[in-house]
Amino acid sequence: MWVAGGSFKWKLMEFKRDLWSGMSFLAIQIRLSELFLTLCVHLVAISSISQSFSNTHKRNFIFFKTHKFSFKKLNLYCKMVVKKPRIVIIGAGMAGLTAANKLYKSVAVKERFEVCVIEGGNRIGGRINTSEFGGDRVELGATWIHGIGNSPVYKIAQETNSMDSNKPWECMDGFLDDPITIDENGYVLDPCLVNPVSVLFKELMDFAQGKRKSVGNGNENGNGNGNGNESVGSFLRKGLEDYWEMVSRKEVNGNGKMLEEAIFAMQENTQRTYTSANDLYNLDYNAESEYVMCPGEEVTIAKGYSRIIESLASILPSGVIQLGKKVCEIEWHPESEVGMIKNGHDDARPVKLHFLDGTSLSADHVIVTVSLGVLKAGIHDSDDLGMLKFNPPLPDYKNEAISRLGYGVVNKLFMQISPDFSDFDQFPFLQLVFHRSDSEAKNPKIPWWIRRTASVSPIYRKSRVLLSWFAGDEALKLETLSDEVILDEVSTTLSAFLSNPSDSHEQSNGNVIKNSSKLNLVKVLKTKWASDPLFLGSYSYIAVGSSGCDMDTLAEPLTKSGSHPLQILFAGEATHRTHYSTTHGAYFSGIREANRLLEHYECMN
Ligand SMILES: Cc1cc2nc3c(=O)[nH]c(=O)nc-3n(C[C@H](O)[C@H](O)[C@H](O)COP(=O)(O)OP(=O)(O)OC[C@H]3O[C@@H](n4cnc5c(N)ncnc54)[C@H](O)[C@@H]3O)c2cc1C
């Protein structure tokens, strides 16, 4: 019996010998065709080596060593050599499109791989979504480039000339540094009262993030020592208590303390929107100092964040991105099962994706970029058919990391002021101070879901579109309310804030809000990131009980070795240990996983 592993020369000699020893015509024909096919196999294998497909070739060599020759197997072998590895990227957000862009830029993909991006929604961009409201360009998701220094997002924005626009956009220009702070009964708070608490809060956060070594007057052992703190919330509150202890000798009385606490709570609420944690008591203290900010200014993108996405997608040939294809199951083969690729798998590709519309697609490698919320739901909501499932389920260590990590909800609410309302020249940046629930100063007209909103401000100087951010339970509640209820309750709240018991609110920059009539809002636009099944929330954080290691664990590919390695790779903001929750974190993760595959096939530039 001939085995396909032998050399062509050796087989030719053997054939000659058999011929002289006498063979039937049919046997000669069979031998000739086998010889021809063996030649083909060797030629294809040589070309495969020359294309640096060392891993694919290794796999094929093993195949030949371990399988006795037959025409059927030879046919299959030829197919395997010729078939290009298929890489499927799930999700056309920042991570997915960056990975696809990197693959296309790095190699002549057409010759070496089949790449496609599968997107469950009907648009690209994921949690980046530029839209329009009240005639202005607004961002429903990612808004800021968090630090322009070394930011790949900023680099693309510059290259695509996206930082300037003639059309008004959500630029939050300048006046953010000049806020007016009002309590829920309309009293403008003196900056002498507000600033020390705001400075304390900033110093505490800087300390927690490892940006400064002490808080206050350089006293490392006093307030600001983070030792023993489990959560950012407990650390902050301890810092406030220490501050009171220090200043109590001088001045603060009971009412002053209540007001300071309310100002401190306002800063905590801003922090909740930065981190997406519903409660800062659930935000891990130790992980806070691991988080890395890009240096430099934080800016918004004049032509819209979606320009970055469009730029990444622009080099992909048409048809590479498939919209409206929601993956509901990823069938894969753990290392223990490799070699048992099930019937029905196309060309022995180890992964099979099942879509909600009943179709399927096989792949050699899948880069999963769906949000941490979608991964969590796949583990926990086992009966929901629309949820993304792994079959077999992901290993326990992976599921445990997914469960432990934090993933919260942040929503934006845009509000348009009536064109008839002319009682102000420019709406100021209002910082909203709400009193504690047990305080007599609490205004009963204001609903609970607005009580942890830190600010309301126009989206640019003189804009009639106002913006507030909501986090956690309040953000969830916002999603359930009708526009009418929101309009009514926000108008009531803002009127309370603007009902200055004295005549007018004078801002330090000279802008004045007159108090003559109720603020008239005509239209609202709210985001609904938690109820959208493709996101189920906004961004990730390190919850108490988890750590940055969990993000590393989430980023680990499956499987690492065996004859079908790297079946499932993981990208997305929640897989980046130091830049999670951001667009640049998602970008870096896409590059990381594209590089992993390119290295695997040894075709890095
Ligand atoms: C309100 C808000 C404000 C933000 N502000 C900022 C900011 O100012 N600056 C900043 O840097 N970042 C910000 N972010 C975070 C930033 O938007 C994200 O970190 C980043 O966009 C995530 O990109 P990603 O590719 O990891 O995930 P995603 O953008 O979520 O992409 C994943 C894609 O997978 C798709 N998908 C999900 N499930 C399936 C499925 N089963 N089948 C097929 N496709 C599926 C989704 O539709 C989505 O398109 C904000 C986010 C929100 C929500």
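Everything numeric in this text was worked out from a predicted model, so none of it was measured.

Turning our eyes to something else, we now look at the sheet that holds strand β9 (residues 327-331). Two modes of strand pairing occur in sheets, parallel and antiparallel, and in both the strands are linked by backbone hydrogen bonds. Overall, mixed pairing links the four strands, which are arranged β11-β10-β9-β13 in an open sheet. The two strands at the open ends of the sheet, each matched to only one other strand, are β11 (360-363) and β13 (389-391). Along the sheet, successive strands turn relative to each other by an average axial angle of 20°, direction set aside. Pairing of strand β10 (residues 351-355) with β11, which is carried by four bridges, proceeds in the antiparallel orientation. Residue Lys 352 lies in a different strand from β11, and its bridge partner there is Ser 362.

The subject of this paragraph is the site of the ligand. Around the ligand there are 40 residues in total, and Gly 91, Gly 93, Ala 95, Gly 120 and Gly 126 lie nearest to it. When residues of the shell around the ligand are traced back to their parent elements, those giving at least two are α5 (94-106), β15 (410-417) and α18 (583-600). Considering each element in turn, the shell around the ligand owes the most residues, three residues, to α5. The class makeup of the residues in the shell around the ligand is 18 nonpolar, 17 polar and five charged.

This brings us to the sheet that holds strand β23 (residues 568-570). Spatially, the five strands line up as an open sheet ordered β8-β2-β1-β12-β23, and their pairing is parallel. If you trace the sheet from one side to the other, it starts and ends with β8 (321-322) and β23, each paired once. Direction of pairing for strand β1 (residues 86-90) relative to strand β2 (residues 114-118): parallel, over a ladder of five bridges. Along β2, the bridge assignment pairs Ile 87 with Val 115.

To continue, consider unusual backbone geometry. Residue Pro 392 follows Asn 391 across a cis peptide bond; omega there is -5°. Looking at the secondary structure, you find Pro 392 in the loop between β13 and α14 (396-404). Looking along the chain, the bond that leaves Leu 558 and enters Thr 559 is cis, with omega of -15°. Even without a glycine there, the phi angle at Asn 161 is positive, about 55°.

Its place among the elements puts Lys 326 in the loop between β8 and β9. Lys 326 sits 29 residues away from Phe 355 along the chain, and the two C-alpha atoms are 5.5 Å apart. Once residues lying within four places of it in the same chain are set aside, the contact partners of Lys 326 are Gly 120, Phe 355 and Leu 356.

Our focus in this paragraph is helix α13 (residues 372-380). Most of α13 sits inside the fold, with seven of its nine residues counted as buried. Where α13 is concerned, the buried positions are Leu 372, Gly 373, Val 374, Leu 375, Lys 376, Ala 377 and Gly 378. The secondary structure elements touched by the buried residues of α13 are β13, α14, β14 (406-408) and β22 (539-541).

Each value, and the rule that gives it
Residues numbered from 1 in each chain as written. Predicted model: local features only at pLDDT ≥ 70, side-chain atom pairs only at ≥ 80, totals over all residues. Pairing = 2+ DSSP bridges. Helix = DSSP H or I, 4+ residues; strand = E, 2+ residues; numbered from the N terminus. Axes fitted to C-alpha atoms, helices over the stretch in contact; angles between N-to-C directions. Near = placed C-beta within 6 Å. Nonpolar A, V, L, I, M, F, W, Y, C, P; charged D, E, K, R; others polar. Contact = placed C-beta atoms within 7 Å. Buried ≥ 20, exposed ≤ 12 C-beta atoms within 10 Å, placed from the backbone.

What is shown is where atoms sit, not what they do.
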